Amino acid sequence: LGKLNNRRLRRSGKLPAVLYGHGQEVVNLTVNADQLEGSLRHGAHLVDLKGAADGQALLQNVQWDTFQMSVLHVDLLRVDASDRVKVEIPLLLRGEAPGVGEGGVVEHLHHTVEIETNALAIPDNLHVSIKELHIGSSLKAADIEDLPEGAIVFTKEVLVQCVEPKVLDDKDEDTAEGSVGAEPEIIGQKASEEESAD
């Protein structure tokens, strides 16, 4: 505990952590920095604890340094097979959309999806196939391919869509240019009027 001791820990390749949950006492731990950061790089949500504390825990809150380069502290939540938890899971796209060949643009609107699932069945990633995505079509939660059994999805909006690219025609460009040039004239005119009044 304490800033000085935490700095010493980090210099020795370890990190301070707090373990809580399931009505048990809060425990202060040290964890191996390389192992933890390796788990985070692979998108893990659940970790196995061995040593002073055993069992599985959910990575609940990870505190990074200012530059998001190194972990400073981590909160761990005890879980077992009966627990259901809410987590944000990265959503990845599979395949190529035929809509792109039709002149469309694929918009990946949600890069993560919030789900509730069994604590021991949390996936590292979720996937949707865009192989049938044509211009004007979209994909929602029902199109996720590898949702864990019994999971509930809370992200109800369109996840991915293919749309026609927005193109400004000549008329729109003229209008835009006119609106930009109008404001300085009005300001200048108002300033001249005020000077005349003085």
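Cut-offs applied
Residues numbered from 1 in each chain as written. Predicted model: local features only at pLDDT ≥ 70, side-chain atom pairs only at ≥ 80, totals over all residues. Heavy atoms only, no water. Helix = DSSP H or I, 4+ residues; strand = E, 2+ residues; numbered from the N terminus. Buried < 20%, exposed > 50% of the residue type's maximum accessible area, 1.4 Å probe, protein only. Contact = heavy atoms within 4.5 Å. Areas by Shrake-Rupley, 256 points an atom, 1.4 Å probe, with all protein chains shown as cover. Pairing = 2+ DSSP bridges. Polar contact = N/O pair within 3.5 Å; in protein donor to acceptor, adjacent residues only side chain to side chain. 1 Å grid on protein atoms, 1.4 Å probe; cavity = no way out; pocket = protein on both sides within 12 Å on 5 of 7 lines; lining within 4 Å. Points joined across faces, edges and corners; volume = space filled by probe spheres on them. Nonpolar A, V, L, I, M, F, W, Y, C, P; charged D, E, K, R; others polar. Salt bridge = Lys/Arg side-chain N within 4 Å of Asp/Glu carboxyl O. pLDDT = per-residue confidence, 0-100. Phe/Tyr/Trp six-rings, centres within 6.5 Å; stacked < 30°, edge-to-face > 60°. Lys NZ or Arg CZ within 6 Å of the ring centre and 35° of its normal.

**Structural notes on the overall build of the protein**
For the protein, the helix and strand inventory stands at four helices and twelve strands. Taken over 198 residues, the protein has a buried fraction of 30%. The long-range share in the protein, meaning contacts at least 24 apart out of those at least 6 apart in sequence, stands at 61%. If you sum the accessible surface of the protein, you get close to 13000 Å²; carbon and sulfur atoms cover 50% of it.

**Structural notes on the pairing of strand S8 (residues 112–118)**
Relative to S8, strand S6 (residues 84–94) is paired through seven bridges, and the arrangement is antiparallel. The residue of S8 that forms the bridge with Ile89 is Val113. Pairing between S8 and strand S11 (residues 152–153): two bridges, direction antiparallel. The partner of Glu116 across the bridge, within S11, is Ile152.

**Topic: helix H2 (residues 33–41)**
Within H2 the residues assigned to the buried category are Ala33, Leu36, Glu37 and Gly38. Against strand S1 (14–21), strand S2 (24–32), strand S4 (55–64) and strand S5 (71–79) lie the buried residues of H2. The backbone nitrogen of Asp34 has a side-chain oxygen 3.0 Å away, supplied by the residue at the start of H2, namely Asn32. At the exit of H2 stands Gly43, carrying a positive phi of roughly 75°.

**A closer look at the layout of surface pockets**
Over the atoms rolls a probe the size of a water molecule, and its path tells where empty space is left. What the largest pocket holds in volume is close to 320 Å³. Where the lining of the largest pocket is concerned, the elements lending two or more residues are S2, H2 and strand S3 (46–49). By residue number, the principal contributor to the lining of the largest pocket is S2, which donates four residues. Taken together, the residues of the lining of the largest pocket sort by class into nine nonpolar, five polar and two charged.

**With respect to the sheet that holds S11**
Read from one edge to the other, the open sheet built from four strands follows the order S9-S6-S8-S11, with strand pairing classed as mixed. At either end of the open sheet lies a strand with only one pairing partner, and these are strand S9 (126–129) and S11.

**A few points about the pattern of salt bridges**
Between side chains of opposite charge, a pair can form as their charged atoms come close. Summed over the entire model, instances satisfying the criterion amount to two salt bridges. Between Arg84 and Glu116 there is a salt bridge whose closest N-O contact spans 3.1 Å. Of the two residues, Arg84 is situated in strand S6 and Glu116 in strand S8; the sequence distance between them amounts to 32 residues. According to the relative accessible area criterion, Arg84 is partly exposed, its value standing at 41%.

**Let's talk about the sheet that holds strand S12 (residues 160–163)**
Strand-to-strand pairing in sheets goes through backbone hydrogen bonds, with the strands running parallel or antiparallel. Ordered by their spatial adjacency, three strands build an open sheet running S7-S12-S10, and the pairing between neighbours is antiparallel. Edge positions in the sheet fall to strand S7 (105–108) and strand S10 (138–139), since each of these pairs with one other strand and no more. Of the strand pairs in this sheet, S7 and S12 are connected by four bridges, and their pairing is antiparallel. Bridge pairing in S12 places Glu107 opposite Gln161.

**Considerations on the confidence of the model for the protein**
Per-residue pLDDT for the protein has a mean of 82; in total, 81% of the residues score no lower than 70. Model confidence for the protein, summarised as mean pLDDT per element, is weakest for helix H4 (residues 170–197) at 50 and strongest for S10 at 97. In the predicted structure, residues 179–192 sits below a pLDDT of 50 and forms zero contacts with residues beyond four places in sequence or in another chain.

**Comments concerning the packing of aromatic side chains**
The tally for this structure, following the rule as stated, stands at zero aromatic pairs. Above the face of the Phe154 ring, Lys86 is positioned so that its terminal group lies 4.2 Å from the ring centre.

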